[in-house]
Amino acid sequence: MLSEYLSILIYMILASGITLVVIFANKLLGPSRPSARKSAAYESGIKPTGTARERFHIRYHVIAMIFLVFDLEIAFIYPWAVIYKTLGWAGFIEMMIFLGILIIGFLYAWKRGAFTWE
Amino acid sequence: MGSPPILAVLAVIVAKALVVIVVLLTAFAYMTWLERRLISRFQVRIGPNRVGPFGLMQPLADGIKLFFKEDFVPAGADKVLYYLAPGLAMVTAFTAFAVIPFGPPDVQLFGVPLFQISNPNAGILFVLAVTSIGIYGIILGGWSSNSKYSLLGALRSSAQLISYELGVGLAIVGVVLLAGTLQLPEIVKEQSGFFFGFLPRWNIFVQPLGFLLLLIGATAETNRPPFDLPESEQELVAGFHTEYGGMKFAAFFVAEYVNVITASGVATTLFLGGWQGPFVDQFPILGPLWFVVKIFAFAFFFIWIRATLPRIRYDQLMDVGWKLLVPLALLNLAITSVIVLIWPSLGGGS
């Protein structure tokens, strides 16, 4: 089992090595003539105004929170799916109750307009 | 026969990893070529045909050009994150491919299967987990660039990716229910044989809805048109990579195309019988060939819909993700779990 993750680690190290080489070769080979105008943020050719790290819409937070709930739900479903055939109908009923509770929350979020983007 | 020498095993693992990385990089280069040629044909143009025969050297020329571009950091950018983001995107894109089997597992050298980097018991969960880390590459790149377009692109992109991840995650559960395992080689093995003597025992015929949901979700997860809102050039210039140039820009593109290959690989493995095809039992070397043929079909499909469908609006995107994909995937999950209990031999598994 451990050797499986060792292969992934070796593969990741090699992939990271190639990525590093490619990005830093570009740094060595390319010219470097920075100027104030060149390094200004691109705003369609006009002088950039204000900060770029603007406030953003609250809806992104709502989506992220609902995502967390459902992603955890999926994390519960996977192990259940693997041993489902040995669980039988009892497993089916249990999962339907679990999903039912979550679907009530999902419908509530839907009715409150969490997924509606204007 | 004793256990094989540890150095030989390590050498095989390293060589295999290097070959896969080089093949993926080449596949990336020629997917850009294929995309430009095909899109041109769809639009009654010719496309790049000057560099080498049929323009085949075009990706190489583009790559060399990008090496000699200025290594540029915008003012006010977070320099560490600005460099980290494209690297993170590229490495996670490569890593996600690690668990996908592209040939029969019994082809081994020193006890190491040659046609798969690694076969952890988490299998498909590993792909989902690693592709989620890829979102960090996009959001860090957008945030660190200190540009309004980049930040907006990154925000939209991350909201889109997490929304569609749910649909994809739930759509795959149907296959796991049938197979009773997360390991991809096992899932492929259970798709061998035929229904009624002629129809390949592929999961697409058992889980058509799941396949459709995965296909839509994968298109959105890889930021491909018609879901390419993060890069909608009319409104956001280039989205999260507006301020990137040179090889850092290329790294984002490597990530995108390798993700397309991985998504095609996952769809092939889960629904189209993976490396299985005629004569694989006699000649195991045909396995990777069938796998590449199926990946190519997906690549063609992704390019085709880019040429056909217009980009959807952001509110439509969120509607499709949350109000269509998630409920349908839950429905698919419920139906599949009933069918599996009524007809346990359907998936072929234990």
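What you are looking at is a predicted structure, and each value in this text was computed from that prediction instead of being measured.

### A word on the nonpolar core
A general trend in soluble globular proteins is that nonpolar side chains are found buried together. Among the nonpolar cores identified, the biggest contains 118 residues, and Tyr11 of chain A together with Ile124 of chain B are the most heavily contacted of them. Sorting elements by how many residues they give to this core places helix α5 (residues 148-179) of chain B first, with 18 residues. Non-local contacts of Tyr11 of chain A, meaning those with residues more than four positions away in its chain, are made with Ala17, Val20, Ile21, Leu24, Phe94, Thr95, Phe97, Ala98 and Ile117 of chain B.

### Some thoughts on the interface of chain B and chain A
Listed by partner, the interface residues are 91 residues for chain B and 65 residues for chain A. Carbon and sulfur atoms supply 73% of the area that chain B and chain A bury against each other, a total of about 6800 Å² over both sides. Its largest share of buried area at the contact with chain A, chain B owes to Lys148, Trp322 and Leu341 of chain B, together 11% of the area lost on that side. Our count for the contact surface shared by chain B and chain A stands at 1 salt bridge. For Lys27 of chain A, the salt bridge is made with Asp71 of chain B, and the minimal N-O distance between the two is 3.5 Å. Viewed at the interface, chain A and chain B are joined by 13 residue pairs in polar contact (both at pLDDT 80 or more). When contributions to the side of chain B that touches chain A are tallied by element, the ones reaching two or more residues are α1 (6-42), α2 (58-67), α3 (79-96), α4 (124-144), α5, α10 (246-271) and α12 (314-342) of chain B. Looking at the side of chain B that touches chain A, its residues break down into 60 nonpolar, 19 polar and 12 charged.

### A closer look at helix α11 (residues 286-308) of chain B
All names here are of chain B. Between its first and last C-alpha atoms α11 spans 33 Å; for 23 residues at 1.5 Å apiece the expected length is 33 Å, and the two agree. All of the buried residues along α11 are Gly287, Pro288, Phe291, Lys294, Ile295, Phe298, Ala299, Phe302, Ile303 and Ile305. In this fold, the buried residues of α11 make contact with α1, α8 (208-221) and α10.

### Quick word on the confidence of the model for chain A
Across chain A, the average pLDDT comes to 84, with 98% of residues at or above 70. Averaged pLDDT values for the elements of chain A fall to 87 in helix α1 (residues 2-29) of chain A and rise to 89 in helix α3 (residues 84-111) of chain A.

### As for the layout of surface pockets
There is about 1400 Å³ of room inside the largest pocket. Along its surface, the largest pocket is lined by 49 residues, and Phe28, Thr32, Phe249, Phe253 and Tyr257 of chain B are the ones closest to its centre. Among the elements of the structure, α1 of chain A together with α1, α2, α9 (233-236) and α10 of chain B are those that each provide at least two residues to the lining of the largest pocket. No other element matches α1 of chain B, which puts 10 residues into the lining of the largest pocket. Looking at the lining of the largest pocket residue by residue, the class counts come to 27 nonpolar, 9 polar and 13 charged. Quantified by volume, the second largest pocket comes out at close to 630 Å³. In terms of lining, the second largest pocket is formed by 22 residues, of which the most central are Val23, Leu24, Ala27, Ile261 and Val292 of chain B. In terms of residues, the lining of the second largest pocket owes the most to one element, α1 of chain B, which gives 12 residues. Across the lining of the second largest pocket, the residue classes break down as 21 nonpolar, no polar and 1 charged.

About the thresholds
- Residues numbered from 1 in each chain as written.
- Chains lettered and ligands numbered in written order.
- Predicted model: local features only at pLDDT ≥ 70, side-chain atom pairs only at ≥ 80, totals over all residues.
- Heavy atoms only, no water.
- Core = buried A, V, L, I, M, F, W, Y, C linked by side-chain atoms within 4.5 Å.
- Buried < 20%, exposed > 50% of the residue type's maximum accessible area, 1.4 Å probe, protein only.
- Helix = DSSP H or I, 4+ residues; strand = E, 2+ residues; numbered from the N terminus.
- Contact = heavy atoms within 4.5 Å.
- Buried area = accessible area lost by both parts, 1.4 Å probe.
- Salt bridge = Lys/Arg side-chain N within 4 Å of Asp/Glu carboxyl O.
- Polar contact = N/O pair within 3.5 Å; in protein donor to acceptor, adjacent residues only side chain to side chain.
- Nonpolar A, V, L, I, M, F, W, Y, C, P; charged D, E, K, R; others polar.
- Expected span 1.5 Å × (residues − 1).
- pLDDT = per-residue confidence, 0-100.
- 1 Å grid on protein atoms, 1.4 Å probe; cavity = no way out; pocket = protein on both sides within 12 Å on 5 of 7 lines; lining within 4 Å.
- Points joined across faces, edges and corners; volume = space filled by probe spheres on them.

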